[in-house]
Amino acid sequence: DQQVKQNSPSLSVQEGRISILNCDYTNSMFDYFLWYKKYPAEGPTFLISISSIKDKNEDGRFTVFLNKSAKHLSLHIVPSQPGDSAVYFCAALFAGNTGKLIFGQGTTLQVKP
Amino acid sequence: NAGVTQTPKFQVLKTGQSMTLQCAQDMNHEYMSWYRQDPGMGLRLIHYSVGAGITDQGEVPNGYNVSRSTTEDFPLRLLSAAPSQTSVYFCASSRLQGSSGNTIYFGEGSWLTVV
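Residues numbered from 1 in each chain as written. Chains lettered and ligands numbered in written order. Predicted model: local features only at pLDDT ≥ 70, side-chain atom pairs only at ≥ 80, totals over all residues. Heavy atoms only, no water.

Peer 1: How should I be thinking about the overall build of chain A in this particular structure?
Peer 2: When its secondary structure is counted, chain A shows zero helices and eleven strands. In chain A, the succession of α and β elements from N to C terminus is β-β-β-β-β-β-β-β-β-β-β. If you line up chain A on its principal axes, its C-alpha atoms span 40 × 30 × 20 Å. Among the 113 residues that make up chain A, the fraction classed as buried is 44%. In chain A, once contacts between residues fewer than 6 apart in sequence are set aside, the share between residues at least 24 apart is 55%. Between the centroid of the 11 positive side chains of chain A and the centroid of its 9 negative side chains there is a distance of 3 Å. (Helix = DSSP H or I, 4+ residues; strand = E, 2+ residues; numbered from the N terminus. Buried < 20%, exposed > 50% of the residue type's maximum accessible area, 1.4 Å probe, protein only. Contact = heavy atoms within 4.5 Å. Lys, Arg positive; Asp, Glu negative; His and termini not counted. Charge placed at Lys NZ, Arg CZ, Asp CG, Glu CD.)

What follows is the structure, given as structure tokens:
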């Protein structure tokens, strides 16, 4: 039973445009949501997170939106750059379970010059 | 990926062989964990540890053993390798309390092929 789902395996956008990556979850007990970026042959690196008590968190070109009623979050990248091309994983944490991440399947983003 | 070191980077095993994936961190983190990444599956938690001497199972623990004799090290053992264990393995570490994701560090990965 996949508790965190990324239903789009891939996404292709033009440089300078907005990239929107989506994630759905099933467990309302998740306390924190995170996005990780992964390049080939490297480990995941933290990108941005959001607490379950917030609906938006922004960090430079990256913004994460959380819709608790829909159990849905999204990552917006504006403007997209070719260096953003990578696999993006959505992940969730339960309260008090630091580090025990539940990951989605990942979405491969390609930003074309 | 600073601070979490995994070895080996690549390994080919024959079915039935045993091996140990090593993971070490130098950040004095209490929490360490092992994930495997498979196509279309994301990263799945194998085992984790909240401190020396304490380990527990994650989502996919079968076929793997772990131990935590020191804070720094968290080896993952495959007792009798099977082709289904062909995967990329990631070790991660973090503080036990107060983490919001930006203090969870991953190693660079270990590519394992079982033939």
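Peer 1: Any chance you could explain the overall build of chain B here in plain terms?
Peer 2: Each helix and strand counted, chain B has zero helices and eleven strands in total. Order of helices (α) and strands (β) in chain B, N terminus to C terminus: β-β-β-β-β-β-β-β-β-β-β. Taken over C-alpha atoms, the radius of gyration comes to 13 Å for chain B, in line with the 13 Å a tight globule of 115 residues would show. Judged by the C-alpha coordinates and their principal axes, chain B covers about 40 × 30 × 25 Å. The 115 residues of chain B split such that 48% are buried. (Rg over C-alpha atoms; globule rule 2.2 N^0.38 Å.)

Peer 1: I would appreciate a short explanation of the packing of aromatic side chains in the present structure.
Peer 2: Each aromatic ring pair is specified by the distance between its two centres and by the angle formed by the two planes. The tally for this structure, following the rule as stated, stands at 15 aromatic pairs over all chains. Aromatic pair A:Tyr25 and A:Phe30: ring centres 6.1 Å apart, planes at 70°, arrangement edge-to-face. Assessed through its relative accessible area of 3%, A:Phe30 is described here as buried. Here B:Tyr35 and B:Phe106 contribute two aromatic rings whose centre-to-centre distance is 5.8 Å and whose plane-to-plane angle is 50°, an arrangement assigned as tilted. (Phe/Tyr/Trp six-rings, centres within 6.5 Å; stacked < 30°, edge-to-face > 60°.)

Peer 1: It is not clear to me how the state of the cysteines should be interpreted in this structure. Could you clarify?
Peer 2: Such a bond, covalent and formed between the sulfur atoms of two cysteines, is termed a disulfide. Tallied over the entire structure, the rule returns two disulfides over all chains. Across a sulfur-sulfur distance of 2.1 Å, A:Cys23 and A:Cys90 are joined as a disulfide pair. The sign of the -75° torsion about the S-S bond sets the A:Cys23-A:Cys90 disulfide as left-handed. Taken together, the positions of A:Cys23 in strand β3 (residues 19-25) and A:Cys90 in strand β9 (residues 86-94) put the pair 67 residues apart, joining distant regions of the chain. The pair A:Cys23 / A:Cys90 is uniform in exposure class, with both members buried. There is a disulfide in this structure between B:Cys23 and B:Cys91, and the S-S distance comes to 1.8 Å. Across the S-S bond linking B:Cys23 and B:Cys91, the dihedral sits near -75°, which makes this disulfide left-handed. Placement of the pair is B:Cys23 in strand β3 (residues 19-25) and B:Cys91 in strand β9 (residues 87-94), with a sequence separation of 68 residues. (Disulfide = S-S within 2.5 Å.)

Peer 1: Is there a simple way to explain a nonpolar patch on the surface in this structure?
Peer 2: On the surface, A:Ile18, A:Ile20 and A:Val78 cluster together to form a nonpolar patch covering roughly 220 Å² of accessible area. Inspection of the secondary structure puts A:Ile18 in the loop between β2 (10-14) and β3. (Patch = residues over 30% accessible without salt bridge, like charges linked within 9 Å, V, L, I, M, F, W, Y side chains within 5 Å. Areas by Shrake-Rupley, 256 points an atom, 1.4 Å probe, with all protein chains shown as cover. Salt bridge = Lys/Arg side-chain N within 4 Å of Asp/Glu carboxyl O.)

Peer 1: Any chance you could explain the pattern of salt bridges here in plain terms?
Peer 2: Working definition: two side chains of opposite charge can pair if their charged atoms are close together. Scanning the entire structure with this criterion turns up five salt bridges over all chains. A:Asp84 is the partner of A:Arg61 in a salt bridge, and the nearest nitrogen-oxygen pair spans 2.8 Å. Of this pair, A:Arg61 sits in the loop between β6 (56-59) and β7 (62-67) while A:Asp84 sits in the loop between β8 (72-77) and β9, and the two are 23 residues apart along the sequence. Its relative accessible area of 21% is what places A:Arg61 among the partly exposed residues. Two residues, B:Arg44 and B:Asp38, come together in a salt bridge whose shortest N-O distance is 2.8 Å. Just as B:Arg44 is buried, B:Asp38 falls in that class too. A cluster of three or more residues bridged by salt bridges with shared partners is formed by A:Lys37, A:Arg61 and A:Asp84.

Peer 1: How should I be thinking about the side chain of A:Ser74 in this particular structure?
Peer 2: Residues and elements named next belong to chain A. Along the polypeptide, Ser74 turns up in strand β8. The exposure class of Ser74 is buried, given its relative accessible area of 7%. The contact partners of Ser74, leaving out residues within four places of it in the chain, are Ile20, Leu21, Asn22, Trp35, Thr63, Val64 and Phe65.

Peer 1: When you look at the pairing of β3(A) in this model, what are you seeing that I'm missing?
Peer 2: Where a strand is regular, its side chains alternate between the two sheet faces. Residue and element names in this part refer to chain A. Alternating positions in β3 separate cleanly, Ser19, Leu21, Cys23 and Tyr25 being buried on one face and Ile20, Asn22 and Asp24 remaining unburied on the opposite face. Here strand β1 (residues 4-5) pairs with β3 via two bridges, running antiparallel. By the bridge assignment for β3, Lys5 is matched with Asp24. Relative to β8, β3 runs antiparallel, the two being bridged by six bridges. Looking at the pairing, Ile20 lines up with His76 of β8. (Pairing = 2+ DSSP bridges.)

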